[in-house]
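Listed here are the chains, written in short residue letters.
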Amino acid sequence: MVVLFSTRTVQADAGLPRPANNPAAATAENATPASLTHQEPSLPQHGPTPEARQWKDRIHGIASWYGGVFNGRRTASGEVFDMYAMTACHPTLPFGSIVRVIDRSNRRSVVVRITDRGDLVEEGRVIDLSYGAAEKLGMTWQGLAKVDLQVLSLGKTEAQK
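The notes below deal with the structure included here. Being a predicted model, the structure only gives us computed values, none of them experimental. The residue count restarts for each chain, going from 1 along the sequence in the order it is written. Where local features are concerned, this predicted model is filtered to residues with pLDDT of at least 70; where side-chain atom pairs are given and counted, the filter is 80 or more; whole-chain, interface and lining totals use all residues. Only hydrogens and water are set aside; all other atoms, that is, all heavy atoms of the structure, feed into the side-chain values.

### Some remarks on the pairing of strand S4 (residues 109-116)
Whether a residue is buried, partly exposed or exposed follows from its accessible area with a 1.4 Å probe, protein chains only, as a fraction of its type maximum: under 20%, in between, or over 50%, in that order. Numbering of helices and strands starts at the N terminus; helices are DSSP runs of H or I of at least 4 residues and strands are runs of E of at least 2. For S4, a buried count of six out of eight residues is recorded, marking the element as mostly surrounded by other parts of the structure. Sheet topology places strand S2 (residues 87-89) next to S4; three bridges connect them, and they run parallel. By the bridge assignment, Thr87 is partnered in S4 with Arg113. Two elements, strand S3 (residues 98-103) and S4, share five bridges in a ladder whose sense is antiparallel. Looking at S4, one finds that Val101 is bridged to Val110. If you look at the hairpin formed by S3 and S4, you'll find five residues sitting between the two strands, and Arg107 has a positive phi there, around 65°. Any two strands are treated as partners once DSSP identifies two or more bridges connecting them.

Put into structure tokens, the structure is as follows:
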């Protein structure tokens with residue numbers, strides 16, 4: 001007799017294959033790509049910029065992630081989306097803004113650059129991370145994470161360009 005159990009997890013991008021749990025089982029074909037190690041954006045030398053301080057110092061809410069089907073497509077900023085880069089989607093922060101995202105459950109953090117727009121229609125969502133950034137936070141399996149955002153520097157608005 002065969003019994004199958006199914007559990008449904010929340011995942012922002014169901015089309016993306018899940019990474020292997022067992023590192024020993026990883027082969028060259030399914031190993032994490034080298035581009036996952038993309039460096040985080042450089043931080044301002046003396047903490048958050050004055051412009052960033054005028055923004056809310058910390059924003060609390062839920063982060064989700066996106067990847068697979070959007071990889072290689074143009075973002076709202078015009079850049080080509082690389083799902084392994086340290087980037088994110090935010091509904092209002094100017095493109096090029098640098099944001100530290102801190103996972104409240106495991107205290108991991110990642111610094112991302114805002115390159116895309118999104119409605120984030122689900123209640124409480126504050127940011128949509130690239131797969132690479134979500135992987136660094138350790139949230140790809142659950143799909144969502146409670147996070148704190150700290151705006152480190154603001155990108156240029158259209159009026160400033």
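### Let's talk about the environment of Val110
When you line up the elements, Val110 lands in strand S4. Placed 23 residues apart in sequence, Val110 and Thr87 show a C-alpha to C-alpha distance of 9.8 Å.

### Comments concerning the pattern of salt bridges
By convention in these notes, a salt bridge is any Lys or Arg side-chain nitrogen within 4 Å of a carboxyl oxygen on Asp or Glu. Scanning the model with the defined rule gives two salt bridges in all. Note that Glu79 is salt-bridged to Arg113, the shortest N-O span being 2.7 Å. Placement of Glu79 in the loop between strand S1 (58-66) and S2 and of Arg113 in strand S4 is noted, with a sequence separation of 34 residues between them. Of the residues examined, Glu79 reaches a relative accessible area of 31% and is grouped as partly exposed.

### Section: the pairing of strand S6 (residues 145-153)
With eight of nine residues buried, S6 is to be regarded as a mostly interior element. Taken together, the six bridges between S3 and S6 define a ladder with antiparallel strand orientation. Residue pairing for S6: Arg100 is matched across the bridge by Gln150.

### Things to note about the environment of Met139
Looking at the element boundaries, Met139 is found in the loop between helix H2 (131-137) and S6. Spatially, the C-alpha atoms of Met139 and Ser64 are 8.5 Å apart, while their sequence positions differ by 75 residues. Working rule for contacts: check all heavy atoms of both residues, and any pair within 4.5 Å makes them a contact. Here Met139 is in contact with Ala63, Ser64, Trp65, Asp103, Leu129, Ala134, Leu144 and Ala145, once residues within four sequence places are set aside.

### Observations regarding the layout of surface pockets
Points on a 1 Å grid over protein atoms alone make up a cavity when a 1.4 Å probe fits among them but cannot get out, and a pocket when they form an open set with protein on both sides within 12 Å along at least five of seven lines; lining residues each have an atom within 4 Å of a point. Grid points are joined across faces, edges and corners, and a volume is the space filled by probe spheres set on the points. What the second largest pocket holds in volume is close to 170 Å³. For the lining of the second largest pocket, the class distribution of residues is five nonpolar, two polar and four charged. For this classification, Asp, Glu, Lys and Arg are treated as charged, while Ala, Val, Leu, Ile, Met, Phe, Trp, Tyr, Cys and Pro are nonpolar and the rest, including Gly, are polar.

### Some words on the environment of Gln150
Here Gln150 shows up in strand S6. Judged by relative accessible area, Gln150 falls into the buried class, the value being 17%. As for Gln150 and Ile102, which are separated by 48 residues in sequence, their C-alpha atoms are 8.2 Å apart.

### Some thoughts on the side chain of Ser130
Considering the arrangement of structural elements, one finds Ser130 in strand S5 (residues 125-130). Excluding anything up to four places from it in sequence, Ser130 contacts Trp65, Tyr66, Phe81, Asp82, Met83, Ala85, Met86, Thr87 and Ala88.

### Brief notes about the packing of aromatic side chains
Two rings from Phe, Tyr or Trp (for Trp, the six-membered ring) form a pair when their centres are within 6.5 Å of each other. A pair whose planes differ by under 30 degrees is stacked, one over 60 is edge-to-face, and the rest are tilted. Within the structure shown, the criterion is met by four aromatic pairs. Here Tyr66 and Phe70 contribute two aromatic rings whose centre-to-centre distance is 5.6 Å and whose plane-to-plane angle is 70°, an arrangement assigned as edge-to-face. For Tyr66, a relative accessible area of 6% puts it in the buried group. In this structure Phe70 comes out as partly exposed when scored by relative accessible area, which is 38%. Put simply, the rings of Trp65, Tyr84 and Tyr131 touch in pairs and so form one group of aromatic residues.

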